[in-house]
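# Geometric and topological summary
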Amino acid sequence: MTDVVLLEKGYLCHGASGRNGGGVRMQWGTATNIALARRSIELMKGFAAEMGINIWLRQGGYLFLAKSNAVAQKLERSAELHNRHGVNTRLLSLEGARDLVPGLSMKGVQLAAFNEEDGVIFPWAFLWGYAKALAKHGVKVETFTRVTGFELGDGRVKKVITDRGEIACEVAVLASGAWSPQIAQLAGVHLPNEPHRHEICSSEPLKPFLGPLVSVLDSGLYFSQSMRGEIVGGMGDPNEPAGMELGSTMRFLARYSQALLEQLPTLGQVKILRQWSGPYDVTPDNSPILGRTPQLPNLLQMSGFVGHGFMMAPAVAERMAAWMCTGHADELFTRFNLDRFAAGRLEREDMIIG
Ligand SMILES: Cc1cc2nc3c(=O)[nH]c(=O)nc-3n(C[C@H](O)[C@H](O)[C@H](O)COP(=O)(O)OP(=O)(O)OC[C@H]3O[C@@H](n4cnc5c(N)ncnc54)[C@H](O)[C@@H]3O)c2cc1C
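Residues numbered from 1 in each chain as written. Predicted model: local features only at pLDDT ≥ 70, side-chain atom pairs only at ≥ 80, totals over all residues. Heavy atoms only, no water.

## Concerning the layout of surface pockets
The computed volume of the second largest pocket comes to approximately 360 Å³. Taken together, 22 residues form the lining of the second largest pocket, with F122, S226, R228, E230 and V232 sitting closest to its centre. For the lining of the second largest pocket, the secondary structure elements donating two or more residues are α5 (123–136), β12 (194–203), β14 (221–225) and β16 (272–282). (1 Å grid on protein atoms, 1.4 Å probe; cavity = no way out; pocket = protein on both sides within 12 Å on 5 of 7 lines; lining within 4 Å. Points joined across faces, edges and corners; volume = space filled by probe spheres on them. Helix = DSSP H or I, 4+ residues; strand = E, 2+ residues; numbered from the N terminus.)

Have a look at this one:
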C-alpha cells in the first residue's frame, strides 16, 4: 500500500508504548495469545537486523509466582496449555525458583512457573525502529498532529480531520490505545474500553544479577533488570479508578517497595531514580478489539490491549497488514470484533499482571 500516514498527537513515545515495562512473554492463558506472543518474540529477535536498531532484547525468562491456591491452579493449568502448544513452561518448587534468582524470599509463595524464552526489551528503541522503517517505506509519520473529528458519508469514513488539516482516506485504522474510545466517539462509535492508570518506576543501575522478569500474579507485582542494570517494575492497584490520569503517587511507591522487598529483601537500600505512569487500555474480557467497525466498515479497530499490547503489536500488526492488503479472511478480525460484546461472545484472558 502507498499513501499511508500515521497521526500522533504528541511525540512518538507519548502513549503506553513509551511508558511500559518492555516485558514479552509466551506464558498466556489462551492458545491465541501464546501463538501471537511467540510470533512477536520471533520478530523481536530479528528486529535489529531488519530495522537497523538495537532493542536490547534480553531473554532471561519470566518467573511467575503464585501465593493463593487459585493462582497456583491457574499456573498449573496454563503451564499445561503452554506445553501442549510447544512452549516449554516449567513448574518450579520454591527451591527451584530460588536457584534462578538467588535472594528471593519466596514469602507466602506456593508455586512458580518459568519459561526461559520470555524476556524484556527497551520500548523506546522499538518504536524508533518501526518509525524509521515506516519512513524508509514512504509512510509519513506526523507527530504533534491531533485527530479532532471525522467526516462521514454513505456509511463510511471519508476524511480524518486533524488540528493541522483534513485527510481524505479509503481506510482509517484506530490504533490509539487507551485514547481510542474518545476518538471513536468522534465518529459516533462506542467502544467499551476504559483507561486505567498503571504506575511504574526505575532504580539506579545495579551490577547485573537478575535473570528473569519476576511477577507475583496474585498482587500484580513485577520487576526485571534492564540491560542498563536498572530494576524496572510496577504493580497494579485494585483501587485505581477508571480515567485518563497520568500522574505519579507516593501511594504507589509505598505499595511497590513493600511488595518488592517482601520478595527480594536485598534491594532495601536501592534508590529509585524515576517514576512515571501510563494507561492500561482495559476491555471487558481483557482481549483487544480488532477488525471492522460494524456501522463504519472502513474504520478498522486495533485497540484494547490492556497491559500486553506492546508484546502483541508485532504479530497482530503483521496479521492486520496482510488482512487489510490482501482481503483474505483472517479469523482474528472476526473473533475479536467489536460486535462480540453485543453478542455476549467474550474472549476472556486471565493471565493478566495487575
Ligand atoms: C505501566 C505499564 C506497563 C506495561 N507493561 C507492559 C509490558 O511489560 N509488556 C507489554 O506488552 N505491554 C505492557 N503494557 C501495555 C502496552 O504498553 C500497551 O498495550 C501498548 O503500548 C499499547 O499500544 P498502542 O499503540 O495501542 O497505544 P499507545 O502506545 O498508548 O499509543 C496511542 C497513541 O495515540 C495518541 N493519541 C491519543 N489521542 C490522539 C488523537 N486525538 N490524535 C492523534 N493521536 C492521539 C497518544 O498520544 C498515544 O501516543 C504496559 C502498560 C503500562 C501503562
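Picking up where we left off.
## Describing the side chain of E199
Tracing the chain through its elements places E199 in strand β12. Taking relative accessible area as the criterion, E199 reaches 6% and is therefore assigned buried. The contacts of E199, once residues within four sequence positions are left out, are G234, M235, G247, S248, T249, F252, Q275, W276 and S277. (Buried < 20%, exposed > 50% of the residue type's maximum accessible area, 1.4 Å probe, protein only. Contact = heavy atoms within 4.5 Å.)

## Looking at the site of the ligand
Residues in close proximity to the ligand total 32 residues, the closest being E8, H14, A16, S17 and M311. Between an oxygen atom of the ligand and a main-chain N or O atom of A16, the distance comes to 2.8 Å. One of the side-chain N or O atoms of N20 is found 3.2 Å from an oxygen atom in the ligand. Here the ligand has 1000 Å² of accessible area as a free molecule, and 92% of this is covered by the chains. Of all the elements in the fold, those that place two or more residues in the shell around the ligand are β12, β16 and α8 (309–326). Taken domain by domain, the makeup of the shell around the ligand includes at least three residues from each of domain 1 (5–15 + 125–193 + 285–343) and domain 2 (56–119 + 198–281). (Near = heavy atom within 4 Å. Polar contact = N/O pair within 3.5 Å; in protein donor to acceptor, adjacent residues only side chain to side chain. Areas by Shrake-Rupley, 256 points an atom, 1.4 Å probe, with all protein chains shown as cover. Domains from an automatic or database assignment.)

## Thoughts on the sheet that holds β12
Ordered in space as β4-β5-β3-β13-β14-β15-β12-β16, the 8 strands form an open sheet in which the pairing is mixed. Two strands in the sheet have a free side with no partner beyond their single neighbour: β4 (90–92) and β16. When the angles between neighbouring strand axes are averaged without regard to direction, this sheet yields 20 degrees. Relative to strand β13 (residues 213–216), strand β3 (residues 62–66) runs parallel, the two sharing 4 bridges. By the bridge assignment for β13, L65 is matched with V216. (Pairing = 2+ DSSP bridges. Axes fitted to C-alpha atoms, helices over the stretch in contact; angles between N-to-C directions.)

## Observations regarding the pattern of salt bridges
Inspection of every chain in the model, using the stated rule, returns 19 salt bridges. Between D237 and R251 there is a salt bridge; the shortest N-O distance is 2.8 Å. With D237 in the loop between β15 (231–235) and α7 (250–263) and R251 in helix α7, this residue pair connects regions lying 14 residues apart in the sequence. Its salt-bridge partner being R335, residue E347 comes within 3.0 Å of it at the nearest N-O pair. One end of the pair, E347, is in the segment after α10 (339–343); the other, R335, is in helix α9 (residues 332–335), and 12 residues separate them in sequence. (Salt bridge = Lys/Arg side-chain N within 4 Å of Asp/Glu carboxyl O.)

## With respect to the sheet that holds strand β8 (residues 147–153)
The strand order β8-β9-β10 describes an open sheet built from 3 strands, whose pairing is antiparallel. The sheet terminates laterally at β8 and β10 (165–168), the two strands that pair on one side only. The sheet shows a mean angle of 25 degrees between the axes of neighbouring strands, taken without regard to direction. Pairing of strand β9 (residues 156–162) with β10 involves 4 bridges; the strand directions are antiparallel. Note on β10: the bridge partner recorded for K159 is A168.

## Side note on the environment of Q59
Here Q59 shows up in the loop between α2 (47–51) and β3. In sequence terms Q59 and K45 are 14 residues apart; their C-alpha atoms lie 9.7 Å from each other. Apart from the residues lying within four places of it in its own chain, the contact partners of Q59 are I41, K45, E116, E117, D118 and G119. Among the polar contacts listed, one links the side chain of Q59 to the backbone oxygen of E117, at a separation of 2.7 Å.

## A word on the domain arrangement of the protein chain
Reports often express the size of an interface as the amount of accessible area lost when the parts come together. Split into domains, the protein chain comes out as domain 1 (5–15 + 125–193 + 285–343) and domain 2 (56–119 + 198–281). Computed over C-alpha atoms only, the centres of domain 1 and domain 2 are separated by 30 Å. Counting residues at the interface gives 10 residues for domain 1, matched by 6 residues for domain 2. With both sides pooled, the region where domain 1 packs onto domain 2 buries about 670 Å², and carbon together with sulfur makes up 63% of that total. The largest per-residue losses of area from domain 1 upon contact with domain 2 belong to A178, W179 and V306, which jointly make up 59% of the total buried on that side. Linking domain 1 with domain 2 are 0 salt bridges. Counting across the domain 1 and domain 2 interface gives 3 residue pairs in polar contact (both at pLDDT 80 or more). Within the side of domain 1 that touches domain 2, the residues separate by chemical class into 5 nonpolar, 5 polar and no charged. (Buried area = accessible area lost by both parts, 1.4 Å probe. Nonpolar A, V, L, I, M, F, W, Y, C, P; charged D, E, K, R; others polar.)

## What to know about the state of the cysteines
What the rule picks out here adds up to 0 disulfides. No disulfide involves C169; its sulfur sits 15 Å from the nearest other cysteine sulfur, which is in C325. For C325, a relative accessible area of 47% gives the class partly exposed. (Disulfide = S-S within 2.5 Å.)

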